[in-house]
Amino acid sequence: MLEIKNLSIAIDGKEILHNINLRIENGKVVILFGPNGSGKTSLLMAIIGLGNYKITSGKIIFKDRDITNLPTHERIKLGIGVMFQRPPTIKGVNIRDIAKFLGNYNEEEFRSLAKLLKVEHLLERSINMGFSGGEIKRTELLQLLLQKPDLSLIDEPESGVDVENINLVGEAIKKLLEKTYTAYSNNLPMKDHHKKRKSSGLIITHTGLILEHIPADEGLVLVEGKIVCKGNPYEIFDTVKNKGFNECLKCAIMK
Amino acid sequence: MSKMRNNEVVEKKDIDLSQYKVEKVPEYISEVDIKKLPEVEKSILLHAGVDLENDKADTFLMKNQTVVHKATRQSGVELLDTNEALAKYPELKKLHWKLIDPNTDKYTKFVYDNPESGYFIRVKKGTKAIFPIQSCLFLETPSVVQNVHNLIILEENSSVEILTGCTSKELGKDGGAHLGITEIYIGKNASLTYSMVHNWHESVRVRSRTAIYVEENGTFISNYVLLKKVKDIQMNPIAYLKGRAARARFNSILLSYPGSFIDVGSRVVLDAPDTSSEIISRVVNKGGKVIARGLISGNVSGVKGHLECQGLILEDGGEIYTIPQLNGLSPDIMLSHEAAVGKIAREEVEYLMARGINETDAVGLIIRGFLYEGLENFPNVLKQEIDRISDELGAKGY
Ligand SMILES: Nc1ncnc2c1ncn2[C@@H]1O[C@H](COP(=O)(O)OP(=O)(O)OP(=O)(O)O)[C@@H](O)[C@H]1O
Ligand SMILES: [Mg+2]
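A quick note: this is a predicted structure, and the numbers were derived from the prediction, not measured.

1. Brief notes about the coordination of the magnesium ion (ligand 2)
All names here are of chain A.
Turning to step 1, where the next piece is worked out: Surrounding the magnesium ion (ligand 2) are the protein donor atoms Thr 41 (OG1) and Gln 85 (OE1), which sit 1.9 to 2.2 Å from the metal. Of this pair, Thr 41 sits in helix H1 (residues 40-48) while Gln 85 is found in the loop between strand E6 (80-83) and helix H3 (95-99), placing the two residues 44 residues apart along the sequence.
Turning to step 2, where the next piece is worked out: Taking relative accessible area as the criterion, Thr 41 reaches 24% and is therefore assigned partly exposed.

Right under this line is the structure:
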């Protein structure tokens, strides 16, 4: 699905991501760990090609196509979706205005998703204007569920979300990544559902809470702009939780 | 504010009126079938919000100085040529040239001293007009000055929506001038929604003088839209809220292009207890100079007013001055203002692009959002044209 080769990224002339290599296979979910300021969000923004993030070397391949120099919206059209950590407020533009561009869904689906995510009261408001932390996450997910991307880049889905809402967010991401067996299987046997499913995810988390909802396939640790570890996400999370990121640096299997 | 800056702000563009021809107002006019007007003209009018095919509106059409069509099918609503009305009802002299002093400035005086023409609208006591009245002031010949004088009277407990579309043909480099006087009287409990689109050719120069008198519990709502490039325009309507609990709201949308000089404001005098007003304006500047004024004067206690002006500069070289003024002449009044001028945030454009929206559409969406946010109940006929132009502005990049 996605392959990143030797990617380095600079902001304002300063390199913040160094020689990143990463692969996400069809249908797989990769978790990205790393301390504050290590460059996790920057990596996501570089994948979708936002202007501040200048590629100084390397390549981004999506669905066998080199997208390194494509404008953002064209990358999105190829099947990438992003859930922003801190999306901007846009005055006078509401979710419905944006949804019109998101593609294939009908009004009924729109309403039932809005209901599921408990964002019905936000549909006509200026997007993100005065939204609570949880409301921002839920409206971001509504947009992604309407967009139905093949690769979802999800930045801290659980930060600022209360215990009750985390279940909701977890369910929504599960649906997005086609991990909700009954919803997507069409009564296919599980083995066929696996084969058919291609939705992939790259999820950034600090709390690890999302791991309780989504079966993840791989974990990566990013420290100071470098990927220092790759492995079982549950094991990595456990290590970080108990011993901190320093333990990953000591291990540094990627050296 | 320094003195020099102040002088710059009040800069006025003078118009030498001697360069324009004054047309006579004909004595007798045969009615034109507006549905049979050439398609080109219909389309020009449509862009100014006036739909001649619309059977759900009463229509008034004036070309240069000549009223060519006026028809109302609504009982309790009168729609006449101002000159005709003055001849028919001599008592109107008590209202004509009373809210606006002919000596206000040379443009007002020019209209006073020369033949003038315009619409007279009266809504009778208790009449709630079902259909809106659309009136079009059309400048069709180069080098002509159009002297307009409109008179609107809403009697007690009446209401109506009036849409005025001011527009012109391609007038070449000679251009034309539009001098407009409008006097509006709103009686007790009456309500007027007064929408106006200015969609001029880029060689046209405009001076518009409007005054509104509002009695007890009356409502005046103005929606003003300046969509296309204009050479220069200066207007600053004033509403006098004279009766208890009278309200006025001015919504303005101004688009400015390179070479335009726009000096547009709204003024409200809160002259009776419990009166209130809001002045909201949005300026999108793609070039040219815009002065956006607002003045609310609170003369008695217990009145409320809010003034808000926001500007968006799309290109370097465009200028927006906002001049919000609040005049508190009594304790116990609530007046506030907000003004902000900025650029489109790159971050907002990119957020929309991250939803698969191309840059053009993203900028269009942001401009539209900027224009409508906070403008309550903006008429749909005006929105269509604004939407179209927002998309165009997005397409031309930012
Ligand atoms: N637009 C920007 N301009 C300048 N510096 C930036 C910009 N974006 C990111 N940075 C810097 O790049 C580094 C990485 O930031 P990034 O947001 O990618 O970290 P993160 O791993 O997502 O952190 P967190 O866990 O706190 O969200 C930080 O030092 C940050 O200050
Ligand atoms: Mg981050």
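2. Looking at the pairing of strand E11 (residues 204-214) of chain B
Residue and element names in this part refer to chain B.
Turning to step 1, where the next piece is worked out: With 10 of 11 residues buried, E11 is to be regarded as a mostly interior element.
Turning to step 2, where the next piece is worked out: Here strand E9 (residues 176-186) pairs with E11 via 11 bridges, running parallel. Bridge assignment links Thr 182 to a residue of E11, and that residue is Thr 210.
Turning to step 3, where the next piece is worked out: The pairing of E11 with strand E13 (residues 232-235) spans 4 bridges and is classified as parallel. Bridge pairing in E13 links Ser 208 to Met 235.
Turning to step 4, where the next piece is worked out: Two elements, E11 and strand E14 (residues 238-241), share 4 bridges in a ladder whose sense is parallel.

3. As for the sheet that holds strand E3 (residues 66-71) of chain B
All names here are of chain B.
Turning to step 1, where the next piece is worked out: Reading across the sheet, the 10 strands line up as E3-E2-E6-E8-E10-E12-E15-E17-E19-E21 and stay open at both edges, with mixed pairing between neighbours. Strands at the two margins of the open sheet, each flanked by one partner only, are E3 and strand E21 (334-342). Pairs of neighbouring strands in the sheet enclose a mean axial angle of 5°, with direction left out of account.
Turning to step 2, where the next piece is worked out: Both strand E6 (residues 133-139) and strand E8 (residues 159-168) contribute to a ladder of 7 bridges, which runs parallel. Paired with Gln 134 across the strands is Leu 163, a residue of E8.

4. A look at the environment of Val 284 of chain B
Residue and element names in this part refer to chain B.
Turning to step 1, where the next piece is worked out: Among the secondary structure elements, Val 284 is positioned in strand E17 (residues 276-285).
Turning to step 2, where the next piece is worked out: The exposure class assigned to Val 284 is buried, which follows from its relative accessible area of 1%.
Turning to step 3, where the next piece is worked out: Each C-alpha atom of the pair Val 284 and Phe 131 lies 32 Å from the other, and the pair is 153 residues apart in sequence.
Turning to step 4, where the next piece is worked out: Residues in contact with Val 284, not counting those within four places in the same chain, are Leu 254, Leu 255, Ser 256, Leu 312, Leu 314, Ile 367, Phe 370, Leu 371 and Leu 393.

5. Side note on the interface of chain B and chain A
Turning to step 1, where the next piece is worked out: Across the contact, 19 residues belong to chain B and 27 residues belong to chain A.
Turning to step 2, where the next piece is worked out: Three residues, Glu 350, Tyr 351 and Arg 355 of chain B, lead the burial of chain B against chain A; their summed loss comes to 36% of the area buried on that side.
Turning to step 3, where the next piece is worked out: Remark: the boundary between chain B and chain A carries 1 salt bridge.
Turning to step 4, where the next piece is worked out: A salt bridge links Glu 140 of chain A to Arg 355 of chain B; the shortest N-O distance between them is 2.7 Å.
Turning to step 5, where the next piece is worked out: The tally of links between chain B and chain A comes to 8 residue pairs in polar contact (both at pLDDT 80 or more).
Turning to step 6, where the next piece is worked out: Contributions of two or more residues to the side of chain B that touches chain A are made by helix H5 (346-353) and helix H6 (359-372) of chain B.
Turning to step 7, where the next piece is worked out: Residue classes in the side of chain B that touches chain A are distributed as 8 nonpolar, 4 polar and 7 charged.

What counts, and where the lines are drawn
Residues numbered from 1 in each chain as written. Chains lettered and ligands numbered in written order. Predicted model: local features only at pLDDT ≥ 70, side-chain atom pairs only at ≥ 80, totals over all residues. Heavy atoms only, no water. Donors = N, O, S within 2.8 Å, 3.2 Å for Na, K, Ca; no water. Helix = DSSP H or I, 4+ residues; strand = E, 2+ residues; numbered from the N terminus. Buried < 20%, exposed > 50% of the residue type's maximum accessible area, 1.4 Å probe, protein only. Pairing = 2+ DSSP bridges. Axes fitted to C-alpha atoms, helices over the stretch in contact; angles between N-to-C directions. Contact = heavy atoms within 4.5 Å. Buried area = accessible area lost by both parts, 1.4 Å probe. Salt bridge = Lys/Arg side-chain N within 4 Å of Asp/Glu carboxyl O. Polar contact = N/O pair within 3.5 Å; in protein donor to acceptor, adjacent residues only side chain to side chain. Nonpolar A, V, L, I, M, F, W, Y, C, P; charged D, E, K, R; others polar.

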